[in-house]
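# Topology and contacts: notes
Listed below are the residues making up each chain.
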Amino acid sequence: EVMKHLAALIVHAADLSNAADAWPVSRLWAQWCNAEFHAQGDHSRRFHPELPVADMFNRSKADVPRSQLEFIETFAAPTFTALSQVAPRTAADGLQGCKVNAAICRATMQRNKQCMLQRAMNVLGLGNLPRFL
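Residue positions are given per chain, counting from 1 as you read along its sequence in written order. Local features are withheld for residues below a pLDDT of 70 in this predicted model, meaning they are given only at 70 or higher, and side-chain atom pairs are given and counted only at 80 or more; totals for whole chains, interfaces and linings count all residues. Working from all heavy atoms in the structure, the side-chain values ignore hydrogens and water.

## Quick look at helix H3 (residues 64-83)
For H3, with 20 residues, the first-to-last C-alpha span of 27 Å sits near the 28 Å given by 1.5 Å per residue. Maximum bend of H3: about 40°, positioned at Ile72. Considered for burial, the residues of H3 that qualify are Pro65, Ser67, Gln68, Leu69, Ile72, Ala76, Thr79, Phe80 and Leu83. Between two residues, a contact is recorded if the distance between any of their heavy atoms is within 4.5 Å. Runs of H or I in DSSP of at least four residues are treated as helices and runs of E of at least two as strands, each being numbered from the N terminus. Lining the buried residues of H3 we find helix H1 (2-16), helix H2 (23-47) and helix H4 (88-123). Multiplying one less than the number of residues by 1.5 Å gives the expected span of a helix. The quantity called bend is, for any residue, the angle between two axes fitted respectively to the seven residues ending at it and the seven beginning at it. Burial classification: accessible surface area is computed with a 1.4 Å probe over protein chains only, and a residue below 20% of its type maximum counts as buried, one above 50% as exposed, and the rest as partly exposed.

Here's what the structure looks like:
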């Protein structure tokens with residue numbers, strides 16, 4: 001029974017490992033997954049208009065960096081943390097990849113927020129954002 005759980009954990013970690021890959025690879029996987037989510041949302045909207053479409057499936061509301069960060073924090077990092085109990089070196093690589101990619105997602109979210117604020121300031125004719133933001 002223990003071996004079955006261990007095997008399941010290893011397969012689960014492998015399934016989620018794209019979140020811990022080097023950023024260029026992880027980013028591609030996130031883009032592919034989100035393209036699939038958006039296609040699902042389009043399908044739902046077309047064939048089941050009476051049902052709401054969750055934001056992550058709605059291409060006009062999706063926030064890919066936030067979705068990826070939530071995926072890392074909710075699924076990938078906890079999986080690699082659990083794996084660290086039985087395979088510490090392997091899990092350490094996965095946790096480090098999750099940490100780096102989560103930081104990149106946070107930085108992207110911050111940059112996107114600043115770009116949106118700057119666009120709003122430009123539309124309002126207020127000039128550039130103050131440097132402290």
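## A few points about the side chain of Asn18
In this fold, Asn18 is placed in the loop between H1 and H2. If sequence neighbours within four positions are ignored, Asn18 has contacts with Ser26, Trp29, Gln68 and Phe71.

## Some thoughts on a nonpolar patch on the surface
For patch building, the residue pool is restricted to those with more than 30% relative accessible area and no salt bridge; the joining distance is 9 Å between like charges and 5 Å between nonpolar side chains (Val, Leu, Ile, Met, Phe, Trp, Tyr). All accessible-area figures derive from a Shrake-Rupley calculation using a 1.4 Å probe, and residue coverage is judged against the displayed protein chains alone. Here a salt bridge means any side-chain nitrogen of Lys or Arg lying within 4 Å of a carboxyl oxygen belonging to Asp or Glu. On the surface, a cluster of nonpolar side chains totalling about 390 Å² of accessible area is made up of Val25, Leu28, Trp29 and Trp32. Secondary-structure assignment places Trp32 in helix H2.

## Brief notes about the confidence of the model for the protein chain
Scored by pLDDT, the protein chain comes out at a mean of 91, with 96% of its residues at no less than 70. A residue's pLDDT is the confidence the predictor assigns to it, expressed on a 0 to 100 scale. Within the protein chain, H3 carries the highest mean pLDDT (95), whereas H4 carries the lowest (91).

## Here we look at the layout of surface pockets
A volume near 320 Å³ is recorded for the largest pocket. Cavities and pockets are defined on a 1 Å grid built over the protein atoms alone: a cavity is a set of grid points where a 1.4 Å probe fits but cannot escape, while a pocket is an open set with protein on both sides within 12 Å along at least five of seven lines, and lining residues are those with an atom within 4 Å of any such point. As for the largest pocket, its lining consists of 17 residues, and the residues nearest its centre are Phe37, Met56, Ser67, Gln68 and Phe71. The element contributing the most residues to the lining of the largest pocket is H3, with six residues. In the scheme used here, Gly and all other residues not listed as nonpolar or charged are polar, with Ala, Val, Leu, Ile, Met, Phe, Trp, Tyr, Cys and Pro taken as nonpolar and Asp, Glu, Lys and Arg as charged. Here the lining of the largest pocket is composed, by residue class, of eight nonpolar, four polar and five charged. Grid points are joined across faces, edges and corners, and a volume is the space filled by probe spheres set on the points.

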